[in-house]
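Inside the fold
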2 protein chains.
Amino acid sequence: MPLESSMGLEPIKPVPTDGAHGHDDSLAIIEPLCAVFRRALKEEGLKYTPERARILDTIIEFDGLFEADQLLDALKAKGYSVSKATVYRTLKLLESCSIVQQVLFDRDQSHYQLAFGKQGNTLIIHVDTGEVETLELPELIALRDQICNARGLKAQGHKLQIFVIADDS
Amino acid sequence: MPLESSMGLEPIKPVPTDGAHGHDDSLAIIEPLCAVFRRALKEEGLKYTPERARILDTIIEFDGLFEADQLLDALKAKGYSVSKATVYRTLKLLESCSIVQQVLFDRDQSHYQLAFGKQGNTLIIHVDTGEVETLELPELIALRDQICNARGLKAQGHKLQIFVIADDS
DNA sequence: CTTGGTGCAAACATTTTGCAGCACA
DNA sequence: TGTGCTGCAAAATGTTTGCACCAAG
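Residues numbered from 1 in each chain as written. Chains lettered and ligands numbered in written order. Predicted model: local features only at pLDDT ≥ 70, side-chain atom pairs only at ≥ 80, totals over all residues. Heavy atoms only, no water.

Here's the deal with the overall build of chain A
Tallying secondary structure elements over chain A gives five helices and six strands in all. Order of helices (α) and strands (β) in chain A, N terminus to C terminus: α-α-β-α-α-β-β-β-β-α-β. Counting across all 169 residues of chain A, residues that qualify as buried make up 45%. For chain A, the share of sequence-separated contacts (at least 6 apart) that also reach a separation of at least 24 residues comes to 50%. Accessible surface computed for chain A: about 8,700 Å², of which carbon and sulfur atoms make up 50%. (Helix = DSSP H or I, 4+ residues; strand = E, 2+ residues; numbered from the N terminus. Buried < 20%, exposed > 50% of the residue type's maximum accessible area, 1.4 Å probe, protein only. Contact = heavy atoms within 4.5 Å. Areas by Shrake-Rupley, 256 points an atom, 1.4 Å probe, with all protein chains shown as cover.)

Structure representation (structure tokens):
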């Protein structure tokens, strides 16, 4: 089965980022990202609602990975009441336009992260503490593409997870 | 939360493979693997039951990845009736003694694979067909350890997933 | 105004668990 | 012969869906 499902609708094609890349100030990317989302929605005849705006804004404020539940809590904490159903529906939407990506490393819960900016697709998972860091590993891309080329395949993306403990030796 | 849970009991420590490595003939590893399991169980005061033996035997006959449901079906097809609960319980047991490992790349279902022999921890996932290949990528280990050393961490393992489509360019 | 969106609660699918009887060591 | 194991069915969990009402465009 293809990875793309996104409720009934067609996958929204990834929208190229226009500007505001590589900045450290997360506030700086709020406007463009929101614009990207609006455009992606409009292209599909979907609506930009306050709930969707609030969800994206709240996601942007997260540092790295987050879970659906955390997102829901953060929304509540900000005084917004958005239902669980809407959070899940919006996450799918954000995934299908490549603003957010799902990260699987835990059977019990889906994790997500912003797919934009300096977020990486390598995770360092501390198996003792449960802590997770994300990072970018450009060296991996060369290795990946070399493997794919050798097989007549084209890489669309990759995820690396490294399970670690503190080195007390 | 630590990755290790394995129902009530302590994690069984990984047992070094004694022989029968790198062979192509899956039949050849049935005996040793089963012996490994027996030993691991005995060390924990657990019992080697016919259900557990049948589950391990059936897993060994799988080529690569499998799901709990497939395992259940395969058992039924062989005329063994093992309950779903026992399958899940035994999978956890096999995981905790490193005979089997869980592979997450699909939110809906856990996949598993034998952790022994030539099975790799890199997955090539064909996003169009759903097909999945596993392979070994020794180059990754160097990269991984280098990253960990630089941070005072010790790598315990890793998983790489590469998402691909056929290259029609 | 029309089409899609929201919240709620019920539905779902996979995995886990409580319990009574069974069987390995 | 006792502790652990099994099967069953019920529970638990994260996610999805049906529906009636609401709101964006």
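Concerning the domain arrangement of chain A
Residue and element names in this part refer to chain A. By the assigned domains, chain A splits into domain 1 (3-117) and domain 2 (119-169). Counting residues at the interface gives twelve residues for domain 1 and eight residues for domain 2. Together, the buried faces of domain 1 and domain 2 total about 790 Å²; carbon and sulfur atoms form 51% of this surface. Put simply, domain 1 and domain 2 have zero salt bridges between them. Run the count over domain 1 and domain 2 and you get two residue pairs in polar contact (both at pLDDT 80 or more). Among the secondary structure elements, those contributing two or more residues to the side of domain 1 that touches domain 2 are strand E2 (100-103) and strand E3 (111-114). In terms of residue class, the side of domain 1 that touches domain 2 is made up of six nonpolar, five polar and one charged. (Domains from an automatic or database assignment. Buried area = accessible area lost by both parts, 1.4 Å probe. Salt bridge = Lys/Arg side-chain N within 4 Å of Asp/Glu carboxyl O. Polar contact = N/O pair within 3.5 Å; in protein donor to acceptor, adjacent residues only side chain to side chain. Nonpolar A, V, L, I, M, F, W, Y, C, P; charged D, E, K, R; others polar.)

Considerations on the packing of helix H3 (residues 68-77) of chain A against helix H4 (residues 84-96) of chain A
The relative placement of two packed helices is expressed as an angle between their axes plus a distance between the axes. Residues and elements named next belong to chain A. Taken N-terminus to C-terminus, the directions of H3 and H4 make an angle of 120°; their axes are 10 Å apart at the nearest point. In terms of orientation, H3 lies oblique with respect to H4. Judged by the sense of rotation from one axis to the other, the crossing of H3 with H4 is right-handed. Along the contact surface, H3 presents Ala68, Leu71, Leu72 and Leu75, while H4 presents Lys84, Val87, Tyr88 and Leu91. Classifying every residue of the contact of H3 with H4 by side-chain character gives seven nonpolar, no polar and one charged. (Axes fitted to C-alpha atoms, helices over the stretch in contact; angles between N-to-C directions. Parallel < 35°, antiparallel > 145°, perpendicular 65-115°, else oblique. Left-handed = near helix turned anticlockwise from the far one by under 90°.)

Digging into the nonpolar core
Core analysis: the biggest nonpolar cluster contains 27 residues, and Ile59(A), Leu71(A), Leu91(A) and Ile99(A) have the highest contact counts within it. Looking at this core, the elements that each hand over two or more residues are helix H1 (30-43), helix H2 (50-61), H3, H4 and E3 of chain A. Ranked by residues supplied to this core, first place goes to H1(A) with six residues. Those residues in contact with Leu71(A) that sit more than four places away from it in its chain are Ile55(A), Thr58(A), Ile59(A), Phe62(A), Phe66(A), Val87(A) and Leu91(A). Listed in part, the 25 residues of the second largest apolar core include Phe37(B), Ala68(B), Leu94(B) and Tyr112(B). (Core = buried A, V, L, I, M, F, W, Y, C linked by side-chain atoms within 4.5 Å.)

Structural notes on the packing of H2(A) against H3(A)
Residues and elements named next belong to chain A. Contact pair H2 / H3: the axes reach a minimum separation of 10 Å and the direction vectors enclose 105°. Considering their axes alone, H2 and H3 lie roughly perpendicular with respect to each other. On H3, the residues that touch Arg54, Ile55, Thr58 and Ile59 of H2 are Leu71, Ala74 and Leu75. Considering only residue class, the contact of H2 with H3 consists of five nonpolar, one polar and one charged.

Some thoughts on the pattern of salt bridges
If you walk through the whole model with that rule in mind, you get six salt bridges over all chains. Notably, a salt bridge pairs Glu133(A) with Arg151(B), separated by 3.0 Å at the nearest N-O pair. Of this pair, Glu133(A) sits in strand E5 (residues 132-135) while Arg151(B) is found in the loop between helix H5 (138-150) and strand E6 (153-166), placing the two residues in two different chains. Between Arg144(A) and Asp145(A) there is a salt bridge, and its shortest N-O distance comes to 3.1 Å. Note on Arg144(A): relative accessible area 12%, which makes it buried.

Describing the interface of chain B and chain A
Contact residues are listed per partner, giving 43 residues for chain B and 44 residues for chain A. Three residues, Arg107(B), Lys154(B) and Phe163(B), lead the burial of chain B against chain A; their summed loss comes to 17% of the area buried on that side. At the junction of chain B with chain A, the criterion picks out two salt bridges. For the pair chain B and chain A, the interface holds 15 residue pairs in polar contact (both at pLDDT 80 or more). Those elements that place two or more of their residues in the side of chain B that touches chain A are strand E4 (122-126), strand E5 (132-135), H5 and E6 of chain B. If one sorts the elements of the side of chain B that touches chain A by residue count, E6(B) sits on top with 14 residues. Classifying every residue of the side of chain B that touches chain A gives 21 nonpolar, twelve polar and ten charged. Where strand E6 (residues 153-166) of chain A meets E6(B), 13 bridges bridge the pair, whose relative direction is antiparallel. Across the sheet, His158(A) pairs through a bridge with Ile162(B), a residue of E6(B). (Pairing = 2+ DSSP bridges.)

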